Amino acid sequence: MKRIVVLAMTCLAAALPAQQPRVERYEFRIVLPDTGKRIYGETRIRLAEQPAVLLLELDLDGSMKVGGVEMGCGEPTNKARFEHVGSSLRVPLTRIEGVDTRCVTILYSGEPRDGMIIGTDSAGRWTAFGDNFPDRARYWLPTVDHPSAKARVTWTVEAPEGRTIVANGALVSTSTNLDGRVTTTWHEDRAIPTYDMVFAAAPLVMHDLGRTACGFAEDGGCVPQMVYTAPEQARYLPGNFARAGEIVEFFSRTVGAYPYEKLAHVQSSTRYGGMENASEIYYADQLFRKPNGLSEGLIAHETAHQWFGNAVTEREWAHAWLSEGFATFFAALWTQHTRGDSAYHSELSRLRQEVIRAKVASERAVIDSVETDPNRLLNENTYQKGGWVLHMLRTQLGDSAFFAGVRRYFAEHKHGNAMTQDLQRSLEMSSGRELGWFFDQWLRRPGWAQLSTAWHWDSATKRVTLEVEQESRFGAYRLPLTIDVEVAGGGHRRMTVDVDAVRSQRLSLPGEFAAAPRALVFDPDVSLLAAMTTRR
């Protein structure tokens, strides 16, 4: 969940260049200052193969001044020409005898305008936190800054003494230099999007949650988890992080093995209330400074992103619901797992009301290819409505087919990218049902179902007739409507009727009723994204 704490963002181009050599790994070496904001960077980019396109186009803001570019993976290297205009860095990949041109190294320095948040904490201590979402890595890192361009990453960070460095992947080494500064290296061996490529540098202390979810890591082992906080917050741990291991185990059982080397939970100072960086989740500083400010639901939401958003990443921003909708749904699923069906339905009722009240949900589709600013896609469509779409799929397909399809989707696209049609295909294969109509009506048009119902009992036929009117604001929806019938003699009968995508429809409920029912309750299990009224 990326609740915006500070909203000051320039709309940036979100399109990937049509032709681009594929980056296999970024090797970032960053030298941090003792004070101030000027950083020094050396980035080696390893291409997956000898490029057929002889031009590497990178995103790098003009606040970073490029001192030189070299080509070559080892000895020898060769100085390369480059052009740095605005936020575009272009490097011609000239073929040179004896030089492996699959590696390009960029030397640069400057004060980041964004992306790397450098400041002081509440105690006046110098801190730095990467904050790249959605496409702000370019402000301090030369990258192909688009979610479809995933790559592995290695961090080597030199920082002042007294700063803990936490980054993606596994810790490789920490050493103290002759001048007392500390150099730390972390290595992430899974491909992740650039918006996840971050490190924290702050006076953090670590609370070890231990080896959790044993048997559910990708290698079959355990998932090391830990919490990094400012020293004064350490005494309150583990708090709600006490169940972090259970959350990872539950999601692993449901979807697939946990996809990264560890999971660190980090107190940070960034733009968002929670940011799901791969293997190191950031939570806003102030959440640690008030009772129960950091909820179990937020931990579950950000943890779910390790599977959805990080391991399986939307190929285009228009499909961001594949990240945020899944995280919203799986946080609700954790609620059901720990607190039962009533709590789950209560959470879904709240999410439904948030969709119905949201202006964006009434005007724009969930798959929104018109919006060019990815940060503006962080709305009720992407979160709440996206989560509801998954809940309705679960209800209509049944748990067995639905979760089998989700597991297939994750397995086929893990450490890669996906689009909505990939999820649709996986669910169709698991259920044996054609779902194009469902995805079209719920994801490719605005709004929600609006039903007005009336019913009457015929004493001659002993049947109950149901009249369903669909209001014209968003058009008619095809949907299953569940009804709880309170019969005259006591007791209840539960039944489901199929409503067609038509303005008006009359349906007979299955079976006979000896007397008029006492009451009909529509959608008793909170299964439809619909606003419903009953006519007399």
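For the structure itself, look to the data block above.
Model, not experiment: these values are computed from the prediction.

Visitor: Could you clarify how one ought to interpret the packing of helix 3 (residues 321-339) against helix 4 (residues 341-357) in this entry?
Guide: The description of two helices packed together rests on the angle between their axes and the distance between the axes. Here helix 3 crosses helix 4 at 150 degrees, and the two axes come no closer than 7 Å. It follows that helix 3 is roughly antiparallel to helix 4 by the angle criterion. For helix 3 against helix 4, the interelement crossing comes out right-handed. Here Thr328, Phe329, Ala331, Ala332, Leu333, Thr335, Gln336 and Arg339 of helix 3 lie close against helix 4, whose contacting residues are Asp341, Ala343, Tyr344, Glu347 and Leu351.

Visitor: What's the story with the state of the cysteines in this structure? I'm lost.
Guide: As used in these notes, a disulfide is a covalent bond between sulfur atoms, one from each of two cysteines. For the structure on display, the rule yields 2 disulfides. In this model Cys73 forms its disulfide with Cys103; the gap between the sulfur atoms is 1.9 Å. Between Cys73 and Cys103 the sulfur-sulfur dihedral comes to about 95 degrees; the bridge is accordingly right-handed. Remark: Cys103 occurs in strand 8 (residues 103-110) and Cys73 occurs in the loop between strand 4 (64-71) and strand 5 (78-79); sequence separation between them is 30 residues. Residue class for Cys103 comes out buried when judged on its relative accessible area of 1%. Note that Cys214 is cross-linked by a disulfide to Cys222, the S-S spacing being 2.0 Å. Residues Cys214 and Cys222 share a disulfide whose torsion about the S-S bond is about 105 degrees; that sign makes it right-handed. Of the residues examined, Cys222 reaches a relative accessible area of 17% and is grouped as buried. Of note for the chain: the bonded cysteines, numbered N- to C-terminal, pair according to 1-2, 3-4.

Visitor: What should I look at first to understand the layout of surface pockets in this one?
Guide: If a probe the size of a water molecule is rolled over the atoms, the empty space left behind becomes visible. Here the second largest pocket is characterised by a volume of approximately 290 Å³. In terms of lining residues, the second largest pocket is bounded by 16 residues, among which Tyr236, Leu287, Phe288, Lys290 and Asn292 are the most central. Taken together, the residues that form the lining of the second largest pocket break down as 8 nonpolar, 6 polar and 2 charged.

Visitor: Looking at this structure, I do not really get the environment of Asp422. What am I missing?
Guide: Within the secondary structure layout, Asp422 lies in helix 8 (residues 420-431). Apart from residues lying up to four places away in sequence, Asp422 is in contact with Arg315, Tyr409 and His413. At a separation of 2.7 Å, a polar atom in the side chain of Asp422 contacts the main-chain amide nitrogen of Met419.

Rules of the game
- Residues numbered from 1 in each chain as written.
- Predicted model: local features only at pLDDT ≥ 70, side-chain atom pairs only at ≥ 80, totals over all residues.
- Heavy atoms only, no water.
- Axes fitted to C-alpha atoms, helices over the stretch in contact; angles between N-to-C directions.
- Helix = DSSP H or I, 4+ residues; strand = E, 2+ residues; numbered from the N terminus.
- Parallel < 35°, antiparallel > 145°, perpendicular 65-115°, else oblique.
- Left-handed = near helix turned anticlockwise from the far one by under 90°.
- Contact = heavy atoms within 4.5 Å.
- Disulfide = S-S within 2.5 Å.
- Buried < 20%, exposed > 50% of the residue type's maximum accessible area, 1.4 Å probe, protein only.
- 1 Å grid on protein atoms, 1.4 Å probe; cavity = no way out; pocket = protein on both sides within 12 Å on 5 of 7 lines; lining within 4 Å.
- Points joined across faces, edges and corners; volume = space filled by probe spheres on them.
- Nonpolar A, V, L, I, M, F, W, Y, C, P; charged D, E, K, R; others polar.
- Polar contact = N/O pair within 3.5 Å; in protein donor to acceptor, adjacent residues only side chain to side chain.

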